[in-house]
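Here is how the chains run, residue by residue.
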Amino acid sequence: MTNADVARVFNEIADLLEIKGEDAFRVNSYRRVARTVADLAGDINEIAARGALDQLPGVGKSSAQKIQELLATGRVALRDELAAEIPFGLLELLSIPSVGPKKVATLWKERGIQSLADLKAAIAAGKLSDLKGFGPRSIEQIARGIEFLERSAGRVRLGDAWYVAERLRQALAAMPGVQRVEHAGSLRRARETVGDLDLLCVASDGEAVIQEFTCLPGVVEVLAAGETKASVRVEYAAGQSIQVDLRVVPEQSFGAAWQYFTGSKEHNVRLRELAVKRGWSLNEYGLTEGERIIAARSEEEIYAALGLPWIPPELREDRGEFELKTIPADLLRLEHIRGDLHMHTTASDGRNTIEEMAAAAKQRGYKYICITEHSASSAIANGLRPERLRRHIQAVRAAAERITGLTVWIGTEVDIHADGTLDYPDELLAELDFVTASIHAGMGHDLEANTRRTLAAIANPYVNCIGHPTGRLINEREAMPIDIEAIAREAARTGTALEINANYYRLDLKDQHVRLARDLGAAILISTDAHAVDQLDMMYFGVLTARRGWLRREDVLNTRPAKDIRAFVAAKRKRT
């Protein structure tokens with residue numbers, strides 16, 4: 001079993017216990033085990049084999065025994081007992097935003113609801129209207145949440161899709177006779193979710209490559225296989241799979257195929273219209289005039305023949321890219337990023353120490369980082385009370401003196417309360433180098449209240465960035481309604497950055513909001529919100545999102561040197 005499998009089972013146990021009504025301490029102990037295992041860099045099987053499970057944070061003797069049982073048998077007796085007592089279909093109800101275990105228990109015990117289908121039918125029949133705790137507004141939120149789940153069904157998060165595609169690309173590249181393999185489709189455009197994956201390759205023996213491709217590890221179903229094309233389903237998590245299409249194309253028409261299978265429908269329609277105006281045709285085989293091939297080998301020559309600069313994949317959405325005379329040379333790239341200003345360590349809910357996060361940042365070529373633990377209100381994340389934060393400030397300052405070749409700052413990810421006040425007093429925030437303020441709880445559907453709450457935080461002279469501004473979790477939780485335009489205007493006025501949280505579960509701000517904020521003059525900060533060293537690599541997805549928002553190097557705060565970050569912080573404190 002994988003780390004993800006084990007984490008899923010322990011989360012299911014926690015959910016079932018909470019539905020049953022067990023005490024919060026017991027429930028949270030299982031959640032902590034799940035989180036610890038999910039965040040592991042190493043293989044849980046290897047850790048178990050050397051008898052080190054009980055050395056993991058939050059994993060006691062009893063939990064270690066259950067993990068061993070799960071790895072050995074594929075089952076945990078407690079989970080089986082709970083599943084026999086509580087309808088397992090109730091767990092799918094927990095996927096609905098705003099529906100927690102207590103509400104699920106009420107629906108089950110009071111109305112006999114045991115599945116998502118039962119709940120939809122009950123709402124449609126008006127059977128919840130007199131149920132305690134389910135007022136009209138609550139029922140409306142649940143119905144909206146069900147619609148959200150149905151809309152996102154079948155879509156895979158960018159990061160999950162990327163790791164599958166990259167693993168397959170590398171496997172294909174290693175096959176005999178394969179000369180080139182590339183991603184295409186919405187993955188190459190870096191859409192936040194992907195419906196399926198497209199891979200293109202050039203190979204001397206296409207049929208042999210197709211045959212070997214259908215037998216790769218992870219392939220759970222072969223949908224079709226021919227001489228030059230195959231469609232398979234590949235498992236990327238327990239019980240979850242994505243369709244992958246591979247096409248073997250001739251080298252001389254690779255550019256045409258790559259462009260055709262990358263551009264959005266709207267982008268490709270515009271390109272074909274330009275071709276038709278010239279009396280030409282454009283398809284996956286080339287740009288042609290009758291039998292004459294005008295361009296086919298590369299994307300660049302196709303765009304050039306149509307009078308356009310080569311348009312980067314992330315911009316191919318028909319959102320104004322055809323009006324560009326040239327593509328900015330400084331369109332953001334990963335190598336432009338100089339540091340990461342939002343990360344967590346073992347002081348709160350992170351997996352690695354200050355020194356380990358710093359070493360990983362140096363390996364990635366960064367010049368500075370900021371350690372930003374959760375504040376006290378985030379109790380589930382082991383948030384720091386003021387006295388703990390003061391001790392942590394000293395610990396980070398001491399570590400910074402020991403660490404060479406990297407500037408290490410101390411900050412916080414401070415919670416924004418419902419009334420817009422912050423978890424820490426200003427005099428404590430003043431001791432920090434950089435402050436990110438975020439909303440983690442109480443995300444309602446009141447646009448004015450959410451906006452007012454965020455604007456209040458922006459007004460604080462010690463808040464330097466608003467973290468994941470809409471609070472969304474892709475495929476799990478909708479963004480809270482919020483006036484991004486008003487927030488961006490005030491952020492620009494006060495010298496407060498807005499974050500692109502690069503974790504691919506968030507990508508918040510999303511691409512359209514990024515472009516709006518940039519146009520309104522707000523500084524953008526791309527952060528990983530990393531809770532472990534390997535999560536620093538998620539900066540890549542933040543950069544892709546920034547590119548989809550047309551950001552250039554100068555638009556992003558953490559492309560600047562450390563002295564400019566200090567000046568950015570000082571300017572706001574002086575201004576306000």
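Quick caveat, the model's predicted, so the values are computed rather than measured. (Residues numbered from 1 in each chain as written. Predicted model: local features only at pLDDT ≥ 70, side-chain atom pairs only at ≥ 80, totals over all residues. Heavy atoms only, no water.)

**Structural notes on helix α22 (residues 539-548)**
Stage number 1. For α22, the tally of buried residues reaches 9 of 10 residues, placing the bulk of the element in the interior.
Stage number 2. Buried residues belonging to α22 abut α10 (158-173), β11 (339-343), β16 (497-501), α21 (511-519) and β17 (524-527).
Stage number 3. Immediately beyond the C-terminal end of α22, within one or two residues, lies W550, with a positive phi of roughly 65°. (Buried < 20%, exposed > 50% of the residue type's maximum accessible area, 1.4 Å probe, protein only. Helix = DSSP H or I, 4+ residues; strand = E, 2+ residues; numbered from the N terminus. Contact = heavy atoms within 4.5 Å.)

**Observations concerning the packing of aromatic side chains**
Stage number 1. According to the stated counting rule, one finds 10 aromatic pairs in the structure shown.
Stage number 2. Ring geometry for Y504 versus F541: centroids 5.6 Å apart, planes at 80°, classification edge-to-face. Linking Y504 in the loop between β16 and α21 with F541 in helix α22, this pair joins segments that are 37 residues apart in sequence.
Stage number 3. Its relative accessible area of 9% is what places Y504 among the buried residues. (Phe/Tyr/Trp six-rings, centres within 6.5 Å; stacked < 30°, edge-to-face > 60°.)

**Quick look at the side chain of D340**
Stage number 1. Relative to the assigned elements, D340 resides in strand β11.
Stage number 2. The buried charged residue D340 lacks any salt bridge, with R364 as its nearest oppositely charged partner at 8.0 Å.
Stage number 3. Side-chain polar atoms of D340 contact the backbone nitrogen of H342, separated by 3.3 Å.
Stage number 4. A polar contact is formed between the side chain of D340 and the side chain of T528, at a distance of 2.5 Å.
Stage number 5. Every residue in contact with D340, bar those within four places of it in the chain, is listed here: Y366, Y368, I369, C370, S527, T528, L536 and M539. (Lys, Arg positive; Asp, Glu negative; His and termini not counted. Salt bridge = Lys/Arg side-chain N within 4 Å of Asp/Glu carboxyl O. Polar contact = N/O pair within 3.5 Å; in protein donor to acceptor, adjacent residues only side chain to side chain.)

**Considerations on the packing of helix α1 (residues 3-20) against helix α4 (residues 61-73)**
Packed helices, taken two at a time, are described by the angle between their axes plus the distance between the axes.
Stage number 1. Running from amino to carboxyl end, α1 crosses α4 at an angle of 120°, the nearest separation of the two axes being 11 Å. Classified by the angle their axes make, α1 and α4 are oblique. The handedness of the crossing between α1 and α4 comes out as right-handed. Contact residues: α1 offers V6, V9 and F10, while α4 offers S63, K66, I67, L70 and L71. (Axes fitted to C-alpha atoms, helices over the stretch in contact; angles between N-to-C directions. Parallel < 35°, antiparallel > 145°, perpendicular 65-115°, else oblique. Left-handed = near helix turned anticlockwise from the far one by under 90°.)

**With respect to the sheet that holds strand β13 (residues 407-415)**
Stage number 1. Here 7 strands make up an open sheet; going across it, the order is β11-β12-β13-β14-β15-β16-β17 and the pairing parallel. Both edges of this open sheet fall to β11 and β17, since each of them pairs with a single strand only.
Stage number 2. Inspection of the sheet shows strand β15 (residues 465-466) paired to β16 by 2 bridges, in the parallel sense. Its bridge partner being in β16, C465 is matched across the sheet by A497. (Pairing = 2+ DSSP bridges.)

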